[in-house]
2 protein chains.
Amino acid sequence: MNDTFNNRLTAAIEAKGSRVCVGLDPRYARLPEELRRSVEERVGEAHIIARAEVYRLFCRGIVEAVAPYAAAVKPQFAFFEQAGPAALAALVDVIAYARKRGLLVIGDAKRGDIGSTAEAYAGAFFSPEAPWPVDALTVNPYLGRDSVEPFLETAAANYRGVYLLARTSNPGAVDVQDLELKTGGPVWRGVAGLIAGWSGSYPGVVGAVFGATYPAELREGLDILAGVPLLLPGYGAQGATADDISFALTGANLVSSSRGIIFAFERSGGDWREAAAEAAQKMRDELNAVSAD
Amino acid sequence: MNDTFNNRLTAAIEAKGSRVCVGLDPRYARLPEELRRSVEERVGEAHIIARAEVYRLFCRGIVEAVAPYAAAVKPQFAFFEQAGPAALAALVDVIAYARKRGLLVIGDAKRGDIGSTAEAYAGAFFSPEAPWPVDALTVNPYLGRDSVEPFLETAAANYRGVYLLARTSNPGAVDVQDLELKTGGPVWRGVAGLIAGWSGSYPGVVGAVFGATYPAELREGLDILAGVPLLLPGYGAQGATADDISFALTGANLVSSSRGIIFAFERSGGDWREAAAEAAQKMRDELNAVSAD
């Protein structure tokens, strides 16, 4: 791991022939019943420990199943936090396992705080002693440059990447990100401009999150963020299709899907690992069939 | 705990005669040497466990010392995350201890994500089974209404509060929050307007974070956010004084200081607990001396 994140990302996409990023969102109520059984037999502290262990087993199973078809996995920290410190310890194992299986790990944590606090967060994810050593992390830019720089600096020093939120995939994205600026264009365009600038200062480090659910905005975003690797969430369960975003399937851009892959067994029946593998393969093929590259 | 957060907050400020909120930011290198010694004697896993235990002891010591002079404490999750799952488990204990000592606990985590993920975060902090059952949580509003509502709903159902970021205390706040809107005024004013609206929909639940380091903006913010409890960081180490913000010392507003209180022993020498107690008492008195109430 002694090359920039962007180079490692490009290499992973080429090696796998895939732009698929699989979101690891262990929503407890939707986990396979065979896994939940061991949790529901237990109470108190044992229940908490069993739940964390089930998160670990589920995520490892998914990682193993999708490894041939995906370039990256994206654990969503919220679901691990919901289940407490034991689940966050399980996530340490999941990250190590995914990296061992040759997958890039993008921590979806959307952290962001004032400078000296951002340094502590950067330490949690990027330092040599980081408890959760992810290849890249999602970061919220609302607090501005001095809140982002500690992430960028620690990432640069340790060959990691930072995906800044530009335009998110949810309906409420319009509330703040689409407020019209005096200089013309919405807030997200101003933020995208800042991200492009930071990318120049920290080459190979900076990426941007751009919702696949807003193709018109994505077209503009591609322009402003030329050369910045995009992480495009919103595929599958949130509604975006390969055709919607074919023009964005270039460079080192990744497309992310969570529920559509990890809970594919709900639709297909059968083994949850096999269903996830098939769904990841299908998504890879759908994206490659329309890719502009 | 069967009254709204805002009412509980008002009661706490009155009962203590204090608007002081003490930030719990365990920066390892600045902890008292007597505590760090037990960590540095150990290696590997034992080092990690010892560090978490020292965070627990330090924060408990501070909580005990400042309890007579503060209405609330504000653990900053970044510093606990930096030290891994064991430190986050220690934070569970710190939260329980602070509440037992009659302090409100404001989790400073600045979380924020799309709706279904925000639900998971809300579960981590507000649900009856929350691993970190804080009285209130700081939340980043950049993702808009559907990213905020799961926090507000879960908070309302469980008598908790949500502090949305309006204008932060750091220099970089200008980069995004001060972009000028077409309708007039900066982005933060648009966001403050949204927060005021959410406060109407979720009475007793919504607060706002407003940097004490920008008094001119704070004056405007007080207007837009009339009746919304403000959390004012930036006092002390970041540079704001009581005189700067005297006009904002009304209603259920809290002023937060971290380094200036918890590391007061660096300046004063002597016992770190006594130094923190004195600093908290001094801050309470300085605020009360100029309070507009």
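Preceding this paragraph is the structure being described.
Scope of this entry: the structure provided in the associated data block. (Residues numbered from 1 in each chain as written. Chains lettered and ligands numbered in written order. Predicted model: local features only at pLDDT ≥ 70, side-chain atom pairs only at ≥ 80, totals over all residues.)

Helices and strands together make up the secondary structure of chain A, namely 13 helices and eight strands. Along the first, second and third principal axes, the C-alpha set of chain A runs to 60 × 45 × 40 Å. A fraction of 73% describes how many contacts in chain A between residues 6 or more apart in sequence connect residues 24 or more apart. (Helix = DSSP H or I, 4+ residues; strand = E, 2+ residues; numbered from the N terminus. Contact = placed C-beta atoms within 7 Å.)

The subject of this paragraph is the sheet that holds strand 4 (residues 136–139) of chain A. Paired through backbone hydrogen bonds, the strands of a sheet run either parallel or antiparallel to each other. Residues and elements named next belong to chain A. With parallel pairing, the eight strands of this closed barrel are ordered in space as 1-2-3-4-5-6-7-8. Taken pair by pair, the neighbouring strands of this sheet meet at an average axis angle of 30°, ignoring direction. Of the strand pairs in this sheet, strand 1 (residues 20–24) and strand 8 (residues 254–257) are connected by three bridges, and their pairing is parallel. Within the sheet, the bridge partner assigned to V20 lies in strand 8 and is V255. Along the sheet face, helix 5 (residues 85–100) touches strand 1, strand 2 (72–75) and strand 3 (104–111) and points at about 170° away from the line of strand 2. (Pairing = 2+ DSSP bridges. Axes fitted to C-alpha atoms, helices over the stretch in contact; angles between N-to-C directions.)

Right, let's get into the sheet that holds strand 8 (residues 254–257) of chain B. All names here are of chain B. Strand order in the closed barrel formed by eight strands is 1-2-3-4-5-6-7-8, with parallel pairing between adjacent strands. With direction set aside, neighbouring strand axes in the sheet form an average angle of 30°. In the sheet, strand 2 (residues 72–75) pairs with strand 3 (residues 104–111) via two bridges, with the strands oriented parallel. The partner of V73 across the bridge, within strand 3, is V105.

Superposition of the two copies of the chain requires a rotation about an axis together with a shift along that axis. With an RMSD of 0.0 Å, the fit of chain A onto chain B corresponds to turning through 180° and sliding 0.0 Å along the axis. The two molecules are tied by a two-fold rotation axis, judged by turn and shift. (Least-squares fit on C-alpha atoms with pLDDT ≥ 70 in both.)

Further remarks concern helix 10 (residues 215–224) of chain A. Residues and elements named next belong to chain A. For helix 10, the complete set of buried residues consists of E217, L218, G221 and L222. The arc that holds every buried residue of helix 10, seen down its axis, measures 145°, which confines them to one face. Counted as exposed and oriented over 90 degrees from the buried face of helix 10: A216, R219 and D223. (Buried ≥ 20, exposed ≤ 12 C-beta atoms within 10 Å, placed from the backbone. Arc of directions from axis to C-beta.)

Turning our eyes to something else, we now look at the interface of chain A and chain B. Size of an interface, as often reported, equals the accessible area lost when the parts are brought together. Taken residue by residue, the interface counts 48 residues in chain A and 48 residues in chain B. Elements represented by at least two residues in the side of chain A that touches chain B include exactly helix 4 (77–82), helix 5, helix 6 (115–125), helix 7 (145–157), helix 8 (173–177) and helix 9 (187–201) of chain A. Here the residues of the side of chain A that touches chain B sort into 24 nonpolar, 16 polar and eight charged. (Nonpolar A, V, L, I, M, F, W, Y, C, P; charged D, E, K, R; others polar.)

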